[in-house]
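These are the residues of each chain, in order.
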Amino acid sequence: MRNIKNLILITSGILLYQSNSWATEFEVCPTQAFIIQTPSSVPKTYSVELSTGSYVESSADMGTTKSYNGVGFNYHDNYIYGWDYESGTLGKTGNDYQINPLSVTKGADAAAAGNFFVGDIAIDENVWYGYKKNKGLFTIPLDDPDNYTMTLVSGSKANASYNITDFAFHPTDGYIYAVSNGSNGNLLQIDPLTAASTNLGTVLVSSGSNFTFGAQFFDLNGTLYISNNSDGKIYRINMSGAEPSGELFAYGPSSSSNDGARCALADIPVGDNVDFGDAPDSYKTFMSSNGARHSIIDNFYLGAGVDNESSGYPTPLSDDSSDGNDDEDGVSFPTGFELGESAVILVTATGSGGYLNAWFDWNGNGVFDDDERAISGQALSPGSNTVSLDVPTWGKAGQTWARFRYSSLADIGPTGGVGDGEVEDYPITVTEAQVTINYYPSSSGYTSIAYEDLYPDQEDYDMNDVIFNLRLIEYIKSGQVIRVEFEAKLAAMGAAYHNGFAIQLHDIAMGNVKESAIEWSIDEVAQSTSPLESGQTNAVLIFTQDLWDHISLATGCNYLRTEAGCGTTYRTTWKMRVPFENAVAVEDMPEFPYDPFIFATPGTDHGLAAKNVVGELPGRKLEIHLKNKAPTDKFSTAYFGAREDRSDPASGQYFLNENGMSWALEIPETWQHPAERQRLDITYPEFLDFAADSTGDTNKNWYQNANSQLIFQD
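In what follows, the accompanying structure is described. (Residues numbered from 1 in each chain as written. Predicted model: local features only at pLDDT ≥ 70, side-chain atom pairs only at ≥ 80, totals over all residues. Heavy atoms only, no water.)

Looking at the nonpolar core
Within the largest apolar cluster, 52 residues are counted, with the highest numbers of intra-cluster contacts made by Phe486 and Leu505. Setting aside residues no more than four positions away along its own chain, Phe486 makes contact with Arg471, Leu472, Ile503, Leu505, Leu541, Phe543, Trp574, Lys575, Met576, Val578 and Tyr594. With 33 residues, the next largest nonpolar core counts Tyr131, Phe169, Val179 and Met239 among its residues. (Core = buried A, V, L, I, M, F, W, Y, C linked by side-chain atoms within 4.5 Å. Buried < 20%, exposed > 50% of the residue type's maximum accessible area, 1.4 Å probe, protein only. Contact = heavy atoms within 4.5 Å.)

So, the pattern of salt bridges
Oppositely charged side chains are able to pair whenever their charged atoms sit close together. Applying the stated criterion across every chain, the model contains 23 salt bridges. Its salt-bridge partner being Lys575, residue Glu524 comes within 3.1 Å of it at the nearest N-O pair. You can see Glu524 sitting in the loop between strand 39 (519–522) and strand 40 (525–526) and its partner Lys575 sitting in strand 42 (residues 573–585), a full 51 residues away along the chain. In this structure Glu524 comes out as exposed when scored by relative accessible area, which is 58%. A relative accessible area of 34% places Lys575 in the partly exposed class. For Lys621, the salt bridge goes to Glu616, with nearest N and O atoms at 2.4 Å. Ionic contacts of the salt-bridge type, sharing partners, join the residues Arg236, Glu247 and Lys284 into one network. (Salt bridge = Lys/Arg side-chain N within 4 Å of Asp/Glu carboxyl O. Helix = DSSP H or I, 4+ residues; strand = E, 2+ residues; numbered from the N terminus.)

Comments concerning the state of the cysteines
Inspection of the entire model under this criterion finds two disulfides. Two residues, Cys29 and Cys263, share a disulfide whose sulfurs are 1.9 Å apart. Taking the sign of the torsion about the S-S bond as the criterion, the disulfide between Cys29 and Cys263, at about -85°, is left-handed. You can see Cys29 sitting in the segment before strand 1 (33–37) and its partner Cys263 sitting in the loop between strand 21 (258–261) and strand 22 (274–276), a full 234 residues away along the chain. Its relative accessible area of 15% is what places Cys29 among the buried residues. Through a disulfide, Cys557 is tied to Cys566; the S-S separation comes to 2.0 Å. (Disulfide = S-S within 2.5 Å.)

A few points about empty space enclosed by the protein
The full count for this structure, using the stated rule, is two cavities of 30 Å³ or more. Of the pockets and cavities examined, the largest cavity occupies roughly 80 Å³. For the largest cavity, the lining is made up of 16 residues, of which Asp120, Ala168, Phe169, Arg262 and Ala264 are closest to its centre. Its residues assigned to classes, the lining of the largest cavity shows eleven nonpolar, three polar and two charged. (1 Å grid on protein atoms, 1.4 Å probe; cavity = no way out; pocket = protein on both sides within 12 Å on 5 of 7 lines; lining within 4 Å. Points joined across faces, edges and corners; volume = space filled by probe spheres on them. Nonpolar A, V, L, I, M, F, W, Y, C, P; charged D, E, K, R; others polar.)

Here we look at the side chain of His606
By secondary structure assignment, the location of His606 is in the loop between strand 43 (595–600) and helix 3 (608–614). Engagement of the side chain of His606 in a polar contact is seen with the side chain of Asn499, the distance being 2.8 Å. Once you skip the residues sitting within four places of it in the chain, His606 turns out to touch Asp453, Tyr497, His498, Asn499, Ala600, Pro618 and Leu622. (Polar contact = N/O pair within 3.5 Å; in protein donor to acceptor, adjacent residues only side chain to side chain.)

Comments concerning the environment of Ala122
Mapped onto the fold, Ala122 is located in the loop between strand 9 (118–121) and strand 10 (127–132). Between the C-alpha atom of Ala122 and that of Lys575, which follows or precedes it by 453 residues, the distance is 58 Å. Those residues within four positions of Ala122 in sequence are excluded, and the remaining contacts are His76, Val127, Tyr129 and Phe169.

Digging into the packing of aromatic side chains
Applying the stated criterion across every chain yields a total of 51 aromatic pairs. Measuring from ring centre to ring centre gives 6.1 Å for Phe213 and Tyr235, while their planes differ by 85°; the resulting arrangement is edge-to-face. With Phe213 in strand 17 (residues 213–218) and Tyr235 in strand 19 (residues 233–238), the pair connects residues that are 22 residues apart, well separated along the chain. Under the relative-accessibility criterion, Phe213 is labelled buried at 0%. By way of ring pairs, the aromatic residues Tyr440, Phe468, Phe486, Phe501, Phe543, Trp574, Phe592 and Tyr594 are connected into one cluster. When the ring centre of Phe249 is taken as reference, the NZ or CZ atom of Arg293 above it lies at 4.5 Å. Sitting above the plane of the Tyr475 ring, Arg483 keeps its charged end 3.9 Å from the centroid. (Phe/Tyr/Trp six-rings, centres within 6.5 Å; stacked < 30°, edge-to-face > 60°. Lys NZ or Arg CZ within 6 Å of the ring centre and 35° of its normal.)

Remarks on the pairing of strand 31 (residues 398–407)
For strand 31, the tally of buried residues reaches eight of ten residues, placing the bulk of the element in the interior. As paired strands, strand 28 (residues 354–360) and strand 31 are joined by six bridges and run antiparallel to one another. Within strand 31, the residue paired with Trp359 across the bridge is Arg403. For strand 31 and strand 33 (residues 422–431), the ladder comprises nine bridges, and the chain directions are antiparallel. Its bridge partner lying in strand 33, Gly398 is registered against Val430. (Pairing = 2+ DSSP bridges.)

Topic: the sheet that holds strand 9
One open sheet holds the five strands; their spatial order is 8-12-11-10-9, and the pairing between them is mixed. Strands with a single pairing partner mark the edges of an open sheet, and in this sheet they are strand 8 (104–106) and strand 9. Across the sheet, the mean angle from the axis of one strand to that of its neighbour is 20°, orientation sign disregarded. One ladder, built from two bridges, connects strand 11 (residues 136–141) with strand 12 (residues 148–152); its direction is antiparallel. Residue pairing across strands places Thr139 opposite Thr151, the latter belonging to strand 12. (Axes fitted to C-alpha atoms, helices over the stretch in contact; angles between N-to-C directions.)

Describing the sheet that holds strand 1
Judged by pairing direction, the sheet is antiparallel, and its four strands sit side by side in the order 3-2-1-21 without closing on themselves. Of all strands in the sheet, those with a lone pairing partner are strand 3 (54–59) and strand 21, marking the two edges. Here the average twist between neighbouring strands, direction ignored, is 30°. Sheet topology places strand 2 (residues 44–49) next to strand 3; five bridges connect them, and they run antiparallel. Paired with Tyr46 across the bridge in strand 3 is Glu57.

Shape is all these values report; function is a separate question.
Encoded structure:
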C-alpha cells in the first residue's frame, strides 16, 4: 500500500461551524452503496443493493437546501464525509443521514477552489481527497477532529485536466480510479501523490447521450461500479485483465445530481430474495456471468409465484428441478414458432404497472444478440395477456432459448440486475414449414467457374488459373427468397499469382443481408469473422482473401491439379448460409450462377500489366468476373479498355476482348479442364465458335468434346 500521510500542508485559517454531537456511525463496512441525489434542492439518500440495483430511500431530507457531493465512506470510523455546498465545507454524516458541517482550515489554493463534487476517502489513511478540474487535488486528514486542515497536493494543479464527476479509491493498490464523462467512458488511474492520470483505455461507449458518472465505488475484489446520472444504470468495470472492460450491471435511481459512497472493503452479496434464470450460461445466467436477476417483490411477478436463488441454475440443473418448485409458469406458447410467421404467446402477470421484455435466440448461436429482442417494453395488465410477435425469416430452425423479463422498468436488457419482477427462461423449438428449395445446377451436382487471372492480358488462355465447383441453393417461402446457401470447392489452381474468391449478389443491398446470422465454414471448421464485405452497395461475400492459404502441394508440384502427377481427391470446401433481413421476391433475385469472381490478393504482385493500369499493386482494384457481369464498387474502372479488355459499361458489356472471349467461364458441370499451358480453344475445338456467337446458341455443349490428350487427368 502507498503511504501519503507525509504531505507538506500549507494552510491559512478559515473557521467554519462544527457540530459537537454526532449521530451513531454506520455498521462496520456496510455492503450497500449510498447514492446521494439532489433532485429539488434537498439532498436525499438511497441505499442501493448493487447486485440487483434495488434501492430504498433512506432519507428524504439530509438537513440542507443545497448539494452534498464528493462523498466517500470512511472505513476508519464508519461515517460518510462529503462536501456540503450550503456551508462551503466538508460535512460528516452518520446513520441519521443528517449533514454536520466541519470546521476546516483552508490554504489559499483551497479557499479559491470553491465547492467540490469529486471526492472519496483513502483506504490506507484516514484522509478525504477532493478533486476539481484545473484547480487540483486537495486533502483533509480526518484523524484529528480538532484540526481539519485542507491543502493542495503539491504539483497536482498542473495535472488537473481530466473531466470526471466522481472517483474512488481502490481497496488495495492505493490508486484512485475514475471513468471519465462523455461519449466514451475512459478508465483513468490517478496517483494521489500528484493527481497525474494514466488512461487505461475505453471501457464503455455510449449509443445515445453522453455519460455522466456521478457515483463511483469499489468492492472488495477491486471491481469498480459506476452509476450514470441520467438513467441510473449501474455499470461494472472489470479491471483484472490487460484490457479493462465494462458492462451494464444493474438499474438504479437516476438524477441530474448524483454522487455515491461505499465501503470499498465490502463484498457485494446477492441477498436472500433474488430470482435468476435457468438458461444455459452462454446466455449469462450465473451471478458471476452478470446473469439476469430480479429482487423479489411481493405480488409482482409472472405466473402464480416466484422463488429465490443465490445464483442461476442453468439447465439441466435448474432450480425447478432441484427444489421441485417450478416457477417458470408465466408464459405459454399456443402457436409455436415458425420462421417468417407471426406467433402468439400468453403471459400471466401478477401485479400492475409491469412491462415485458423478451429475447429469442433466433439464430441459435447461444447468446441473445442485440437484434433478437422480440418484445420491447410491452405493458401488461394483471392477469392474462395476449402478445404477438414476428418470427424472422432469417432465423434458424431447431432447438433454442427465450428469456422473458417482467419489471416496472420498461427498458431493460437480457442480463444484469433489476429491482423488482421476475425472469423466466424457456427452451423453444423454431420450425420451418412451407419452404421450397431451389438448387443450381442440382441438389447433387456442381457448376464449374473457370478463370484466367492474367487480366487485362489473356496470355496462355488455359483457363485453369482458378477453377471452382459451385452449388447455389435458394430457400423460398410464399414466393420470397428468405436465404441463400453456397457450397464451393476449389478444383484447380494453375497460376502463381495470389487471388481471393467472392460472390456478388447484384441488386441485393449489402444492408439486406442479416450479417449476424451468417454461418460459414471452411472444411467443416466454423469461421468467426463475417464474410460480408463492407463498403459495398451490393452484398459481396468473401470466401477467402488468398486461395494459396488453402493449398498443400505434393512434392515437385507447382500448382494444384493442372500438372501431370499433381492430382488429389481432396478439395478445400466452403459452405455459407446467408439469410436476408427482408425476403426477396424470386423474380428480383440475380440470375444463376449469381456473380462469382476472383480478385487480386491485397499486397501481392499480379504482374506488370495489372500494376501499370493503376500505378500500384492492384489488390481489390482488380477483379475478374464472368462475361457481362458488372464489377463491385471496389473495382477500378481504369481497367476498362486497358490492354486487351474491351468492356463497354454503357452497353452492359464487361470483361471481354475484341473477339468476345472472356476471362471467366461457367461450365454447367464438374469440368475436365485443360492441363497447364494448354489453350482452352485448342483443348476444346468447338469453343471458338461458341464464343463468337453472342446468342450462345452455337456449340452449346462445347465443353463435352475435348481433345483428351490435352485435358488434366488425376
